[in-house]
Amino acid sequence: MPRALVKPTIPDEPTHDNVNPRITPHRRSLTMTASRTTLGLPLSPGNQQLLALNDLRRATVRRDIELFYPWWRRCTVNVLLVTDGNLNFGETDFGLSTLIRTLLDEAPLRVRFRLTLAHLRSSVTSGDMLGGETRIAARLTDFRFDEPTHFKSDQFDEVWMFGIETSFNQTAYATRRANPARYPAGSLGTDELKALSAHMNRGGGVFATGDHGSLGRAMCGSVTRVRSMRWWESHPSTDPATDEVSMTGPRRNDTNRRGHDAGWQFSDQSDDVPQVIDLKLYSTPINILSNARYPHPLLCGRTGRIDVLPDHPHEGECRQPDSLTGVYAPDSTPEYPFATGSTTVRVEPEVIAWANVPSGNSGSFGATFKQATVAHSFPVISAYDGHRAGVGRVVCDATWHHFINVNLIGVVEGGLFDEFDTHVGEHGSKHDGFLSSVAGGVVLDRIRNYFTNIGVWTAPPARHTCFHRGYWWDLVFNDRIMEAALTDPQIPLERIPVETLWSIGVHARDVFARRASQCQSRQWLIDWLIPVMPEFRPWIDPWDPAFDPVKTPRTLPMIDPMPLADVALGAALVALRQAMPYPPEKLTEQHDKQAGEIIGKAARIGLKVALADYSAQAKAFAKTLKVA
């Protein structure tokens, strides 16, 4: 049965297994405004001026944090966004301007997205390419993946594809139509597919989506891995009674929720009421984290689990591949290679979220009525962690309606989907979408967090190394850590009490968690600790694909490895601070190399000290129980 709609409200503080309790600036401003109105306590003119200056200070730090901390390093992620048909990057209903500004303005402080916009049509307007946005690195039209001036396999870190066309045999695609042997009507050309495969096989990320039916098939339906992680044709048959990606059939993927008007309307997709999705949750096979429940990192947000998306009357559908053993014909490479270090196990894509279709929805658009829906659920997001197999990560979404303006910030007045003239009394929220209410704004923040998570998660391994190095410098030069660490940084590491190292590590993880989600904090811990002690993986990595929850027996959560990890972290930070007590004017690669050596050596010392302490405590406990 579909989940009952719960109207969005400002969420309670998240529990320990969701994320840290940080309040985003947007949520904080909404909360403060509501509080002042309720309490009737207007600020004095002087304090209003200070508040305005404080807002400016926050904005300046976010925009130019290097002015405050010269050693801060943003890691640039080069992103190519590609679309076709009447999808565009502008301000229209079918525009992606909200997504683009999210990537430009809401990236984590360690990340800077450098965006290139590409449209497959030969001629599009300046508005279609968001011409007024000066922060776009480049704009390309008549785009082709096999044109060296457009795309090289090592040029971009990520490729995002938003497809709507089923055929390029149109005058709008001049070069493609003039060269049918090189560019077939119904898909990308063979050389284009090879170029994309090379990009992915060298670690480049890909995001791909279409809409209902076969929409998006021409651009995305033949791309390696993407082609089997989402349905690009009718499913499971062309019979409207069973086809879940149809437009009008009773089993269509209609996620629209009743809005503020009576009954169901097509335009409910544009109000401030989201759909609620079900998430796949992960845990470790052993220790206390076996009781924790983490979503996939794509859906782990700054303020909690990201379990909402915009709704839409007919979505596409994601899937898991039928087979992992095939070879990709255009370049004869394994479509799903073996996991690194294995000759038998392949990393497989997984469905990480499901959407729910309510029963009886027959929402209309104009005079067109759809059949009443049959309640069901369907895969809405799929993900492939190619990094575990030495290739790029892939994300597929059921529909680009989760990303375009009409589903995020409402209908353009007088635009194609504006029903205000035909439906008297249509609720005003549909012109502003999630921006029309405080609760909607909170939902929009979570959805936009999903967008930036895609950009971070699909980045190649080298970019993640850059992210993680930056976190180390942030921690070692963080005022709170420097204050809590030691009064005398010259004390030899071996002489520092284990409880002091543990306290420093706990402080450091808390500081990190206030800048990122708990999933990002966990991933950072995994990425630096596992090389030091690979045996830790089953204890701390909830996303380890080698763990089969069905075949792996559970153990009692009697041992918590986190104090050991905290001591190792504390030791690494102390050693790093001893080597560099004050931040340099500019960090260099030599600093990074030196830090890597220090962290590895000190973490091993910390683990040795922590294990000795643990062993002593275990023996004392066993003696107390008279088990020894």
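For the structure itself, look to the data block above.
Residue indices follow the written sequence of each chain, beginning from 1 at its first position. Only residues with pLDDT of 70 or above have their local features reported here, since the model is predicted, and side-chain atom pairs are shown and tallied only from 80 upward, although totals for entire chains, interfaces and linings are computed over all residues. No hydrogens and no water enter the side-chain calculation; it runs on all heavy atoms of the structure.

Moving on, we get to the packing of aromatic side chains. Aromatic ring pairs are defined here through the distance separating the ring centres and the angle between the ring planes. Aromatic rings from Phe, Tyr and Trp, taking only the six-membered ring of Trp, are treated as a pair when their centres fall within 6.5 Å; an angle between ring planes under 30 degrees marks them as stacked, one over 60 as edge-to-face, and anything in between as tilted. Tallying each qualifying case throughout the model produces 24 aromatic pairs. Measuring from centroid to centroid gives 5.9 Å for W71 and W72, while their planes differ by 45°, and the two rings are tilted. Between F403 and F451, the aromatic rings sit 4.9 Å apart at their centres with planes inclined by 25°, giving stacked as the arrangement. Of this pair, F403 sits in the loop between strand 19 (394–397) and helix 8 (405–408) while F451 sits in helix 9 (residues 438–457), and the two are 48 residues apart along the sequence. In terms of burial, F403 and F451 fall into one category: buried. These aromatic residues form a ring-pair network of at least three members: W160, F162, F207, F403, Y450 and F451. Geometrically, a charge over a ring is one whose NZ (Lys) or CZ (Arg) sits within 6 Å of the ring centre while staying within 35 degrees of the ring normal. The ring of W72 has R110 sitting right over it, with the charged end atom 3.6 Å from the ring centre. Against the face of F168 rests R176, its NZ or CZ located 5.1 Å from the ring centre. By definition, any uninterrupted DSSP run of H or I lasting at least four residues is a helix, any uninterrupted run of E lasting at least two residues is a strand, and each is numbered from the N terminus. When a residue's accessible area, from a 1.4 Å probe over protein chains only, is under 20% of the maximum for its type it is buried; when over 50% it is exposed; and in between it is partly exposed.

So, on to unusual backbone geometry. The phi torsion at L130 lies on the positive side, around 50°, for a residue other than glycine. Tracing the chain through its elements places L130 in the loop between strand 2 (111–119) and strand 3 (138–140). Notably, R225 is not glycine yet its phi reads approximately 65°, a positive angle. Take R225: it is sitting in the loop between helix 7 (217–220) and strand 6 (275–276).

Pairing is possible between side chains of opposite charge, provided their charged atoms come close. Salt bridge, as used here, is a side-chain nitrogen of Lys or Arg placed within 4 Å of a carboxyl oxygen of Asp or Glu. This model, assessed by the stated rule, comprises 30 salt bridges. The salt bridge partner of R393 is D385, with a shortest N-O separation of 2.7 Å. Using a relative accessible area of 15% as the deciding quantity, one classes D385 as buried. Between D541 and R388 there is a salt bridge, with the nearest N and O atoms lying 3.3 Å from each other. In this pair, D541 sits in the loop between helix 14 (537–540) and helix 15 (562–579) while R388 sits in the loop between strand 18 (376–384) and strand 19, placing the two residues 153 residues apart along the sequence. For the pair D541 and R388, a shared accessibility class is recorded, and that class is buried. Through salt bridges with shared partners, a single network forms among E91, R101, D105, E133 and R135.

Turning to the state of the cysteines, a few remarks are in order. Disulfide assignment relies on a single distance test, namely cysteine sulfur atoms paired within 2.5 Å. For the structure on display, the rule yields 2 disulfides. The residue that forms a disulfide with C75 is C466, at a sulfur-sulfur distance of 2.1 Å. An S-S torsion of about -90° defines the bridge between C75 and C466 as left-handed. Of this pair, C75 sits in strand 1 (residues 75–83) while C466 is found in helix 10 (residues 461–476), placing the two residues 391 residues apart along the sequence. Considered together, C75 and C466 belong to a single accessibility category, that of buried residues. Across the protein chain, the way the bonded cysteines pair up, counted in sequence order, is 1-3, 2-4. Here C318 stays unpaired: no disulfide links it, and the sulfur of C396, its closest cysteine neighbor, is 5.8 Å away. Classification of C318 by relative accessible area gives buried; the value is 1%.

This next bit is on the sheet that holds strand 3. Any two strands with at least two DSSP bridges between them are considered paired. Taken in spatial order, the 9 strands line up as 3-2-1-4-5-19-18-15-7 in an open sheet, and their pairing is mixed. What marks the edges here is a single partner per strand, and that holds for strand 3 and strand 7 (278–279). Summarising the sheet, strand 18 and strand 19 pair through 4 bridges and their orientation is antiparallel. Directly across from Y384, in strand 19, lies its bridge partner V394. Residues are treated as being in contact if the distance between any of their heavy atoms lies within 4.5 Å. Axis definition: a line fitted to C-alpha atoms, over the contacting stretch in the case of helices. Angles run 0 to 180 degrees between N-to-C directions. Contacts between helix 4 (residues 97–105) and the sheet are confined to strand 1, strand 2 and strand 4 (158–162), with strand 2 contributing the most and set at about 155° to the helix. Strand contacts of helix 6 (residues 190–201): strand 4, strand 5 (205–209) and strand 19, with the helix running at about 135° to strand 4, the strand carrying the most contacts.

Moving on: the side chain of D157. Structurally, D157 can be placed in the loop between strand 3 and strand 4. Throughout this description, a polar contact denotes any pair of N or O atoms lying within 3.5 Å of each other; where both atoms belong to protein, one of them has to be capable of donating a hydrogen while the other can accept it, and for residues adjacent in sequence the pair is counted only when both atoms sit in side chains. For D157, the side chain forms a polar contact with the side chain of R463, separated by 3.0 Å.

This part covers the nonpolar core. Buried Ala, Val, Leu, Ile, Met, Phe, Trp, Tyr and Cys residues form a nonpolar core when they are joined through side-chain atoms within 4.5 Å. Counting residues in hydrophobic clusters, the biggest one holds 114 residues, and the most contacted among them are L81, F162 and W528. Of all the elements, helix 15 adds the most residues to this core, at 12 residues. Residues contacting L81, with those up to four places away along its chain left out, are F89, L99, L103, L115, T116, L117, A118, W160 and F162. Judged by nonpolar contacts, the second largest core, of 38 residues, contains Y173, M200, A208 and V391.

This brings us to helix 13 (residues 518–532). Helix span, expected: 1.5 Å multiplied by one less than the number of residues in the helix. Taking 1.5 Å of rise per residue, 15 residues should cover 21 Å, and helix 13 covers 21 Å from first to last C-alpha, within 8% of that figure. A large share of helix 13 lies buried, amounting to 11 of its 15 residues. Every buried residue belonging to helix 13 is among C519, S521, R522, Q523, W524, L525, I526, W528, L529, I530 and V532, and all of these are buried.

Moving on, we get to a nonpolar patch on the surface. The patches reported here contain residues having more than 30% relative accessible area and no salt bridge. Joining distances are 9 Å for like charges and 5 Å for nonpolar side chains (Val, Leu, Ile, Met, Phe, Trp, Tyr). Only the protein chains shown count as covering a residue, and every accessible area follows the Shrake-Rupley method with a 1.4 Å probe. A contiguous nonpolar surface patch, about 300 Å² in accessible area, is contributed by L50, L53 and L56. As for its position among the elements, L53 is in helix 2 (residues 45–63).

We now examine the packing of helix 12 (residues 498–513) against helix 15. In contact at an axis separation of 7 Å, helix 12 and helix 15 are set at 90° when each is read in the N-to-C sense. It follows from the interaxial angle that helix 12 and helix 15 lie roughly perpendicular. Between helix 12 and helix 15, the residues in contact are V498, L501, W502, I504, G505, V506, A508 and R509 and M562, P563, D566, V567, L569, G570, A571, L573 and V574, respectively. Basically, the charged four are Asp, Glu, Lys and Arg, the nonpolar ten are Ala, Val, Leu, Ile, Met, Phe, Trp, Tyr, Cys and Pro, and anything else, Gly included, counts as polar. Class assignment for the residues of the contact of helix 12 with helix 15 results in 13 nonpolar, 2 polar and 2 charged. These descriptions rest on fixed angle ranges, namely under 35 degrees for roughly parallel, over 145 for roughly antiparallel, 65 to 115 for roughly perpendicular, and the rest for oblique.

Once that is clear, we can look at the pairing of strand 1. Every other side chain in a regular strand lies on the same face of the sheet, so the side chains alternate between the two faces. Of all the 9 residues making up strand 1, 8 are buried; the element is thus mostly covered by neighbouring parts of the structure. Both strand 1 and strand 2 contribute to a ladder of 9 bridges, which runs parallel. Paired with V77 across the two strands is F113, which belongs to strand 2. Crossover connection from strand 1 via helix 4 to parallel strand 2: handedness right-handed. As paired strands, strand 1 and strand 4 are joined by 5 bridges and run parallel to one another. Paired with T83 across the bridge in strand 4 is F162. With its strands directed away from the observer, a crossover is right-handed exactly when the path from the first strand over the helix to the second travels clockwise.

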